[in-house]
Amino acid sequence: MASQIQKLLTTNQDLLLMQKGTMMRKVRTKSWKKLRYFRLQDDGMTVWHGRHLESISKPTFSISDVERIRKGQDSELLRYLVEEFPLEQGFTIVFNGRRPNLDLVANSVEEAQTWMRGLQLLVDLVARMNYQEQLDQMLREWFQQADRNQDSRMSFREAQRLLLLMNVEMDEEYAFSLFQEADVSQSNTLDSEEFVQFYKALTKRTEIEELFENFSSDKQKLTLLEFVDFLREEQKESDHSSDLALKLIDRYEPSENGRLLRVLSKDGFLSYLCSADGNIFNPDCLPIYQDMTQPLSHYYINSSHNTYLLGDQFCGQSSVEGYIRALKRGCRCVEVDTWDGPDGEPVVYHGRTLTSRILFKDVLATLAQYAFQSSDYPLILSLDNHCTWEQQKTMAHHLIAILGEQLLSTTLEEQLIDIMPSPEQLRGKILVKGKKLRTIEVVESDKEEEELEKDEGSDLDPASAELDMQSQPESQEQASGNKSKNKKKFLLQSSTTILCPDLSALVVYLRTAPFCSFTHSKENYHIYDISSFSESKAKNLIREAVAMNMQTAGSAMDICDGLFRQNGGSGYVLKPEFLRDTQSSFNPMKPVSLYKAQILVVQVISGQRLPKVDKTKETTVVDPLVRVELYGVPEDTKQQETSYVENNGINPYWGETFYFQIQVPELAMLRFVVKDYSRTSRNNFIGQYTLPWTCMKHGYRHVSLLSKDGTSLHPASIFVYTCMQEDLDMDEP
């Protein structure tokens, strides 16, 4: 693949023009628009830019950081500038994670198309790279960075600088010995091939070699039977171990002769452990593997709060990009805060703050386009409605006109709501969650009804209206029974705004209701009533996570991402059976274990190619440590931490073992956090990975690290061993 990129750099006309460079307008805001010179570097993997051709350029982005390229017509920012620049001359570079988009305007449609085609070609090639190809590409980038005089040779001084770039500080004498061993040509310099040997010596995995030799009788290879023993005993691959061993040998043994003899070399063994088959996340949990035909309430649903925000909640930017990013992450419930806007058009923003505003109809157009690109299971549109009657009518009109067939406006097959539909039944549908004109039965008297509303903590106030069913006049018999328990009324569930029937009618299965307690909800609410509450209140009630601000990185978002990484990233995860059983007496504060408590053993062995915390400081090297965090019911929630390794980010070794007692494994989440130890301040974040216990593969596994915003830090990883034990004296290591 890397050789294919190099070939394309000399033959593809788009890439050739990109290497010459182009002056384009960089657009940050409606008022900030600057001419900048952009050029694709000779490695085909980096784009640099400067004020002009002769200026000192600086790195702008790596192709591996790019998710996709969008046309100017799809750019929210460029559409605002349509009177200044033709949309056909603009395009947007969308990055992985939370990094802001880069909007560019070329001088002509042809130049824009050249860059769009060329960038997308490179992005697609990088996406198809396997582990070895990615490693080769990384080595080439490192070699180019270290080769300051551009003579395609590396001196020892350049090699020392490279070690710092690679995040390792090594004894000079030892480093020089490795350099001399790699210098086969004895020229006191290394060419690219000799550099690869130097790198291999530098990153030698002694812990992998020891593990290999423990199962190999001749210390040179694993026979088929020896490999089967390893898979069965250590990797807990008890089912079809022989068939699996054959598949893995064919997949990872680099030698054709080795594959014919059905043996695995050290290199093949390492390739297996570094592959997806050696990853800690169970690949069986990656596709849709759960029953999707149960009622909607039987699932955890990946939900977001203030979805429209890209920054803080007081003066940050509101943008449809927030919805695109959330949907891309598998979110299936987005929030839309609506307020009266100019010219009769409702707007979306964080009310009574300085956040910017976007049109409600633009949000709907974005949802119509992106709702089902990452998951075709139902999307919930959570309306926080603050609009007047007239603008509510406009909202209802836009919902119907823009979402069309995607909008669920009636019950399925127009049936009574006696059971919630399933995600499978609602595929491809957008559901509105919001307040609704509702009928209630008065059990004894109006006074009791008022007391009920008071007990509910309803947001009704004296200014709220109460509408009788005027469209169907009551008969004399009905009128005389107004005080009976069969009397029905429409109640408005809004404190300061009269709810418009047109908008109310679009709320079908998800009617918002105030929350008092679980007992009250069970006794008074219907299956289609849904309540929201703050995270702090949720923790006090049930110690569970609630809707996320997806623009905010942190442990809460990591746990959310980790939970919903399974089941095809569909945004729906089936709850454990004891949380679906209406007769269940499960209490997270006092869990009665369904079986004997188990012990999770986690050995943190080593780390590989950890990134620098501050890439601008060449001479600084990380002192990494690993914190293992277990989340679940309060009794299971705990964490333990390794010691730190000084000045080594390329292959630190810890070899420390931790024990965690687990009462409710079905609710357990495991989070690995790698930090840079600091004596004077808080330890700096390096990387993390979070996954459910139910999706964890045991044995010797690599944990692929992610950044703060959840994007890959490849090839950074840690190497761990995990297993479950039934009986263990917790006082003994």
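Residues numbered from 1 in each chain as written. Predicted model: local features only at pLDDT ≥ 70, side-chain atom pairs only at ≥ 80, totals over all residues. Heavy atoms only, no water.

1. Overview of the side chain of N648
- Along the chain, N648 falls in the loop between β24 (638-641) and β25 (653-662).
- For N648, a relative accessible area of 14% corresponds to the buried category.
- At 3.0 Å, the side chain of N648 forms a polar contact with the side chain of N651.
- In this structure, N648 is in contact with N167, V168, V621, V622 and P624, ignoring residues within four places of it in sequence. (Helix = DSSP H or I, 4+ residues; strand = E, 2+ residues; numbered from the N terminus. Buried < 20%, exposed > 50% of the residue type's maximum accessible area, 1.4 Å probe, protein only. Polar contact = N/O pair within 3.5 Å; in protein donor to acceptor, adjacent residues only side chain to side chain. Contact = heavy atoms within 4.5 Å.)

2. Comments concerning the packing of aromatic side chains
- Applying the stated rule across the entire model yields 20 aromatic pairs.
- Judged by centre distance (5.0 Å) and plane angle (75°), the rings of F156 and F176 are edge-to-face. Residue F156 is found in helix α6 (residues 156-165), and its partner F176 is found in helix α7 (residues 172-182); the two are separated by 20 residues along the sequence.
- Residue classification places F176 among the partly exposed positions, given a relative accessible area of 34%.
- Aromatic side chains F230 and Y700 sit 6.4 Å apart centroid to centroid with 20° between the ring planes, which places their arrangement in the stacked category. With F230 in helix α10 (residues 224-233) and Y700 in strand β28 (residues 699-706), this pair connects stretches of sequence that are 470 residues apart. An identical accessibility class is assigned to F230 and Y700; each is buried.
- Taken together, the aromatic side chains of F212, F215, F227, F230, Y252, F269, Y272, Y700, F719 and Y721 make up a single cluster linked through ring pairs.
- Here R99 stacks its cationic end above the ring of F95, 4.0 Å away from the centre of that ring.
- Across from the ring centre of F719, 5.4 Å away, lies the NZ or CZ of R205, which sits over that ring. (Phe/Tyr/Trp six-rings, centres within 6.5 Å; stacked < 30°, edge-to-face > 60°. Lys NZ or Arg CZ within 6 Å of the ring centre and 35° of its normal.)

3. Observations concerning helix α16 (residues 389-403)
- The first and last C-alpha atoms of α16 sit 21 Å apart over 15 residues, in line with the 21 Å expected at 1.5 Å per residue.
- Every buried residue of α16 is accounted for by Q391, Q392, T394, M395, A396, H398, L399 and L403.
- On its buried side, α16 packs onto β11 (333-339), α15 (360-370), β14 (379-385), β15 (430-434) and α19 (501-504). (Expected span 1.5 Å × (residues − 1).)

4. Topic: the nonpolar core
- Counting 33 residues, the largest nonpolar core has Y323, L367 and L399 as its most contacted members.
- Every element with two or more residues in this core is listed here: α14 (320-328), β11, α15, β14, α16 and β15.
- Once you skip the residues sitting within four places of it in the chain, Y323 turns out to touch T307, Y308, V334, E335, V336, V348, I358, V363, T366 and L367.
- L600, V602, V622 and L691 belong to the second-largest nonpolar core, a separate cluster that totals 32 residues. (Core = buried A, V, L, I, M, F, W, Y, C linked by side-chain atoms within 4.5 Å.)

5. Structural notes on empty space enclosed by the protein
- If you walk through the whole model with that rule in mind, you get four cavities of 30 Å³ or more.
- The volume enclosed by the largest cavity comes to roughly 50 Å³.
- Around the largest cavity, the lining residues are L383, N385, V432, G434, K435, L499, L503 and V507.
- Residues that form the lining of the largest cavity fall into these classes: five nonpolar, two polar and one charged. (1 Å grid on protein atoms, 1.4 Å probe; cavity = no way out; pocket = protein on both sides within 12 Å on 5 of 7 lines; lining within 4 Å. Points joined across faces, edges and corners; volume = space filled by probe spheres on them. Nonpolar A, V, L, I, M, F, W, Y, C, P; charged D, E, K, R; others polar.)

6. Focus on the sheet that holds β14
- Taken in spatial order, the seven strands line up as β13-β12-β11-β14-β15-β19-β20 in an open sheet, and their pairing is mixed. Either end of the sheet is taken by a strand with one partner, and the two such strands are β13 (358-359) and β20 (529-530).
- Note: strand β12 (residues 347-348) against β13, two bridges, orientation antiparallel. Residue pairing across strands places V347 opposite L359, the latter belonging to β13. (Pairing = 2+ DSSP bridges.)

7. A closer look at the confidence of the model for the protein
- Overall, the predicted model of the protein reaches an average pLDDT of 85, with 86% of residues at or above 70.
- Taking the mean pLDDT of every element in the protein, the minimum, 27, falls on strand β17 (residues 466-467) and the maximum, 98, on strand β21 (residues 572-574).
- Note that residues 439-493 has pLDDT below 50 and, in this model, 77 contacts with residues that lie over four places away or in other chains. (pLDDT = per-residue confidence, 0-100.)

8. Description of the packing of helix α2 (residues 13-20) against helix α4 (residues 109-127)
- Where α2 meets α4, the closest approach of the two axes is 9 Å, and the angle between their N-to-C directions is 105°. As summarised for this structure, α2 and α4 are arranged roughly perpendicular, according to the angle between their axes. In this structure, α2 uses D14, L15, L17 and M18 to contact α4, whose residues at the interface are T114, W115, R117, G118, L119, L121 and L122. (Axes fitted to C-alpha atoms, helices over the stretch in contact; angles between N-to-C directions. Parallel < 35°, antiparallel > 145°, perpendicular 65-115°, else oblique.)

9. Considering helix α13 (residues 266-273)
- Listed in full, the buried residues belonging to α13 are G268, F269, Y272 and L273. Each buried residue of α13 sits inside an arc of 135° when the element is viewed along its axis, so together they form one side. (Arc of directions from axis to C-beta.)

10. Section: the pattern of salt bridges
- For the coordinates displayed, the defined rule picks out 27 salt bridges.
- Between R117 and D14 there is a salt bridge, with the nearest N and O atoms lying 2.9 Å from each other. Residue R117 is located in helix α4, and its partner D14 is located in helix α2; the two are separated by 103 residues in the primary sequence.
- D277 is the partner of R251 in a salt bridge, and the nearest nitrogen-oxygen pair spans 2.8 Å. Placement of R251 in helix α11 (residues 241-252) and of D277 in the loop between α13 and β10 (299-301) is noted, with a sequence separation of 26 residues between them.
- When its relative accessible area of 21% is taken as the criterion, D277 is described as partly exposed.
- One network of salt bridges, in which partners are shared, links D558, R627, E629, E641 and R671. (Salt bridge = Lys/Arg side-chain N within 4 Å of Asp/Glu carboxyl O.)

11. Notes on the side chain of T690
- Mapped onto the elements of the fold, T690 is located in strand β27 (residues 684-692).
- T690 gets classed as buried once you look at its relative accessible area, which sits at 1%.
- In terms of polar contacts, T690 uses its side chain to reach the side chain of Q688, at 2.9 Å.
- Excluding its chain neighbours within four sequence positions, the residues that come into contact with T690 are D558, I559, G562, R565, M669, L670 and R671.

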